[in-house]
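An overview of the molecular structure
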Amino acid sequence: MSVVDVKNVSFAYAGNRVPVIQSLSFSVDERAIVGILGASGSGKSTLLRIIAGLETPCEGSITIAGRTVVDARTFVQPENRGVGMVFQDYGLFPHLTVAQNITFGLHRLPREQRQKRLAAMAELVQLEGYEGRFPHELSGGQQQRVALARALAPQPSILLMDEPFSNLDAALKQSIRQELSDILRRAKMTCLLVTHDEQDVEAICDRTLRLS
Amino acid sequence: MAERAKLIRALKKHTNSWLILGLLGAAVILLPLVPIILGLFKAPNENWQHITQYLLAGYLLNSLQLVALTGFFTVTLGVCLAWLIAAYDFPLRRFFRWALLLPLAVPPYIAAYTYSTMFSYTGIVQKTLRSFDVTPNPKWFGVLSMRGAVFIFTLCLFPYVYMIARSFFERQSGSYIENAMLLGRGPAAVFFRVALPLARPAIAGGVALVVFEVLGDYGVTSYYGVHTISTAIFQTWFGMYDVDSAIRLAAYLMIGTVGLFLVERWVRRNRRFSSSTSKMRPLAPRRLKGGWSWAAGLFCGSVFAWSFLFPVVQLGVWASWTFESVFTPAFGELIIRTVSLALLATVIIMFFAVIVANLHRTNANPFTSALSRWVTAGYSVPGAIVAIGVLACFIGLDRVLAPFYAVLGLGKAPLVLSMSLVMLVVAYVVRFMATGFNAVEAGFERVGTKFTEVSRTLGFGMTRTFLRVDLPLIKGAIFSGIVLTFVEIVKELPLAMLLRPFNFETLATKAYQYANDEKIFEAAVPSLLIIGVSMIAVYVLNQVGKEAGE
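A brief look at the structure comes next. (Residues numbered from 1 in each chain as written. Chains lettered and ligands numbered in written order. Predicted model: local features only at pLDDT ≥ 70, side-chain atom pairs only at ≥ 80, totals over all residues. Heavy atoms only, no water.)

Focus on the sheet that holds strand β3 (residues 33–37) of chain A
Residues and elements named next belong to chain A. Filter applied, for reference: Between any two strands, at least two bridges found by DSSP are needed for them to pair. Helix numbers and strand numbers start at the N terminus; a helix is a DSSP run of H or I with at least 4 residues, a strand a run of E with at least 2. The axes are straight lines fitted to the C-alpha atoms, using for helices just the contacting stretch, and the angles between their N-to-C directions are given from 0 to 180°.
Pairing in this open sheet of five strands is parallel, and the strands run β6-β7-β8-β3-β9 from one edge to the other. Strands at the two margins of the open sheet, each flanked by one partner only, are β6 (83–86) and β9 (207–210). Each adjacent strand pair in this sheet contributes to an overall mean axis angle of 20°, direction not counted. Two strands pair when backbone bridges link them, and strand β7 (residues 158–162) and strand β8 (residues 191–195) are joined in this way by four bridges, in the parallel orientation. Across the sheet, residue Leu159 finds its bridge partner in β8, namely Cys191.

Written out as structure tokens, the structure is:
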């Protein structure tokens, strides 16, 4: 069963006639990890933003977990789409601790379950003991794991990752790729991952989508 | 069909309580300007003929002369000081760097009566000269004239040009200037051929602020007897009791200022293209040697003395003579009333400023950018225009509400709202929304939209996101917006003069009233209080400038 269905989606930035994305269709199966490859400017990140509801496509429709989130008449706000997203520069809230960042999206859960979920997430990304720290007290790789834990905590139907390795140095990249792959499979996550590096895709993804 | 569906989708997507409140804020600012625009289409009355025949040309000429002269002198003084401080190092440079902003804390109307008294026959200047047996012609010191008004405006307003030009020189021009020097050009050529042309848009931005202040001024020009369009509006209103003609004058003045406003926007638009986004190396000041360094220090020192030190010390002396008689319990009450009124207006302003700035940031589209431009237009509209527009609106509103008042037993067609403080608060909101908005917008710009987007994908709506994420991140910017707006309101004169209810005084009107009644020494106490409060704003401005530099 497919978790995400993208049908004939086109997108152009305001005031720009040439669309960045033109009549794009694809679907992502449950628990699949799909890589999106493309040169810079090919609309990879824009595609993620459209799925998340941060941009509105001019044509086409998107279905997430069986629900239409955008078509010619519908627009579901990003907070109601059940989508998790890890941003390129992570976007960890600088005024909140690691624990507060991870539990940020769990506001609908009672406190007890929130704490349980926090513990589970910290274990998943191996950051136990770091809960009280602030983002600026963490290394780049640790920051990325917090961002990942935060996005996974509310159990989204799909995880979107925008260039997850672009902020890491080459030496770290290799080990983190493997780690990420393990985490995603352990969490049984459906994931859409944007990158410009073929090796990322080879290491992690089941399937590749090329944007030109 | 598809287009219509999309339009409905867009409407559904964007309609929320933020948009509705933002529109409400815009309406509050729009409404007072409506009667003024409508005034242009009404048939003029007999008074108007008299005004156009005998007075208008003179008013117009005076306004233009005042603007042109003040503009010229503020640019000369502001740019020279900015260049000196940015490009050279000399004794006390670091002190003067911020001290030259302090004249902004002295409202021109206070400087006006302080200087006119200091220069009068019994004032300190002539007295001191006479004690040295020099008896100059008193005519030389006649400041109650166009010359005096230009002098006052230049001293009080040059920091606007100085501030913007200096930060431009310091941050943006380093590599160009070093290149010019490496190409073998002397200091004069570097300044006139490179620095000055590059800084033109920044200077235009500063001088626009000066021009808006001068056009909107009431205190200086009326005290010095210079008839401008702004004072003419007051005169036709209170002298001739002819509101229609006053509205018509206001409309002409507004056309002029809106034109200037558009020109300024246009000039600033170009700036975005001229300054590259890549990181610029700051300009490293060069050490001046020997006589030149003393001359530079002396020049900065004398500007500082005349624009800030002398008037403030003089006010301090006067205040020490009259402090006991002025500082009564009634005066304490006056302070409390001024502060609470200013706080109330500030809270309303910040509320709408945050809403419109957040709307514009999260949904950047032509509609929201028009909305944000609209709410900031008030600063270019002179106080007299805002005042008369607000008054016209509220009289109209009272007429509409008359049946309702009758039910409440207030009598037939009483003036309830237009006799109340509500009117003054609305006028403050219209006039100073831009101050609060710009501060909030600068804060949002620094934070960006990244955190907001993260929060949205984690299931928080716009309001919760604002409270949990945006607000903690921009609280510094909101705080500086509050301080700047609050101070603007505390020192504001024309709106308070025109719209206050009977017997209601603010610190500013009290100071002006004293001065107008020739009780200059008594005026010193409220004046010093206003200057003290304004110095906090100058401090905040300086801090904000520092942060932006990092």
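On we go from here.
Focus on the sheet that holds strand β1 (residues 2–11) of chain A
Residues and elements named next belong to chain A. Strands sit in the order β2-β1-β4-β5 across an open sheet of four strands; the sheet is antiparallel. The sheet is open, and its two borders are formed by β2 (21–29) and β5 (67–70), each paired with just one other strand. If you compare each strand with its neighbour and ignore which way they point, the axes differ by 20° on average. Note: strand β4 (residues 59–64) against β5, three bridges, orientation antiparallel. Paired with Thr63 across the strands is Thr68, a residue of β5.

Some thoughts on the packing of aromatic side chains
Residues and elements named next belong to chain B. Put simply, the rule reads: Ring pairs shown here join Phe, Tyr and Trp side chains whose ring centres sit within 6.5 Å, with only the six-membered ring taken for Trp; geometry is labelled stacked below 30 degrees between planes, edge-to-face above 60, and tilted in between. Exposure classes here rest on a 1.4 Å probe applied to the protein chains alone. A residue is buried below 20% of its type maximum, exposed above 50%, and partly exposed in between.
This model, assessed by the stated rule, comprises 33 aromatic pairs over all chains. Note on Phe119 and Phe151: the rings are 6.3 Å apart at their centroids and 65° apart in plane angle, and the pair reads as edge-to-face. Of this pair, Phe119 sits in the loop between α6 (108–118) and α7 (124–131) while Phe151 sits in helix α8 (residues 146–172), and the two are 32 residues apart along the sequence. Of the residues examined, Phe119 reaches a relative accessible area of 11% and is grouped as buried. For Phe151, a relative accessible area of 30% corresponds to the partly exposed category. Pairing Phe191 with Phe192 gives two aromatic rings, centres 4.9 Å apart and planes at 75°, and the pair type is edge-to-face. A residue is classified by how much of its surface remains accessible, and Phe191, at 12% relative accessible area, is buried. By the ring-pair criterion, three or more aromatic residues cluster together here, those being Trp83, Tyr88, Phe168, Phe169, Phe191 and Phe192.

Digging into the nonpolar core
Using the following cut-off: For the purposes of this section, nonpolar cores are sets of buried Ala, Val, Leu, Ile, Met, Phe, Trp, Tyr and Cys residues that join through side-chain atoms within 4.5 Å.
Counting residues in each nonpolar core, the largest one holds 214 residues, and the members touching the most others are Leu192 of chain A together with Trp83, Leu100, Phe169, Tyr224, Ile233 and Leu499 of chain B. The element contributing the most residues to this core is α8 of chain B, with 16 residues. Residues Val86, Leu106, Ala153 and Cys191 of chain A belong to the second largest nonpolar core, which totals 36 residues.

Topic: the environment of Leu159 of chain A
All names here are of chain A. The line we're drawing: Contact definition: two residues touch when any of their heavy atoms are within 4.5 Å.
Inspection of the secondary structure assignment puts Leu159 in strand β7. Taking the relative accessible area as the measure of exposure, Leu159 reaches 0% and is therefore buried. Separated by 48 residues in the primary sequence, Leu159 and Arg207 have C-alpha atoms spaced 15 Å apart. Apart from residues no more than four positions distant in its own chain, Leu159 is found in contact with Gly84, Met85, Val86, Leu148, Ala151, Leu152, Leu184, Met189, Thr190, Cys191 and Leu192.

A closer look at the side chain of Thr46 of chain A
Residue and element names in this part refer to chain A. Examined against the element boundaries, Thr46 turns out to sit in helix α1 (residues 44–52). Since its relative accessible area comes to 7%, Thr46 is described here as buried. If near-sequence neighbours (up to four positions away) are discounted, Thr46 is found in contact with Phe11, Tyr13 and Ile21.

Considerations on helix α19 (residues 450–457) of chain B
Helical geometry: 3.6 residues make up each α-helical turn, so side chains three or four residues apart lie on a common side. Residue and element names in this part refer to chain B. Extensive coverage of α19 is indicated by the burial of seven of its eight residues. Those residues of α19 that fall on the buried side of the exposure criterion are Phe451, Thr452, Glu453, Val454, Ser455, Arg456 and Thr457. Backbone geometry just downstream of α19 places Gly459 in the positive-phi region, at approximately 95°.

A look at the interface of chain B and chain A
Put simply, the test is: The quantity reported as buried area is the accessible area (1.4 Å probe) lost by two parts once they are put together, taken as the sum for both. Any Lys or Arg side-chain nitrogen located within 4 Å of an Asp or Glu carboxyl oxygen qualifies as a salt bridge. Polar contacts, as used here, are pairs of N or O atoms within 3.5 Å; protein pairs need one atom able to donate a hydrogen and one able to accept it. Residues neighboring in sequence count only if both atoms are side-chain atoms. For this classification, the nonpolar set comprises Ala, Val, Leu, Ile, Met, Phe, Trp, Tyr, Cys and Pro, the charged set comprises Asp, Glu, Lys and Arg, and every other residue, Gly included, is treated as polar.
Counting from both sides, the interface comprises 22 residues of chain B and, opposite them, 34 residues of chain A. Approximately 2,500 Å² of surface area, both sides summed, lies buried where chain B meets chain A, with 60% of it carried by carbon and sulfur atoms. Run the count over chain B and chain A and you get three salt bridges. The interface formed by chain B and chain A contains eight residue pairs in polar contact (both at pLDDT 80 or more). For the side of chain B that touches chain A, the elements supplying multiple residues, two or more each, are α1 (2–14), α19 and α20 (462–491) of chain B. Looking at side-chain class alone, the side of chain B that touches chain A contains nine nonpolar, four polar and nine charged residues.

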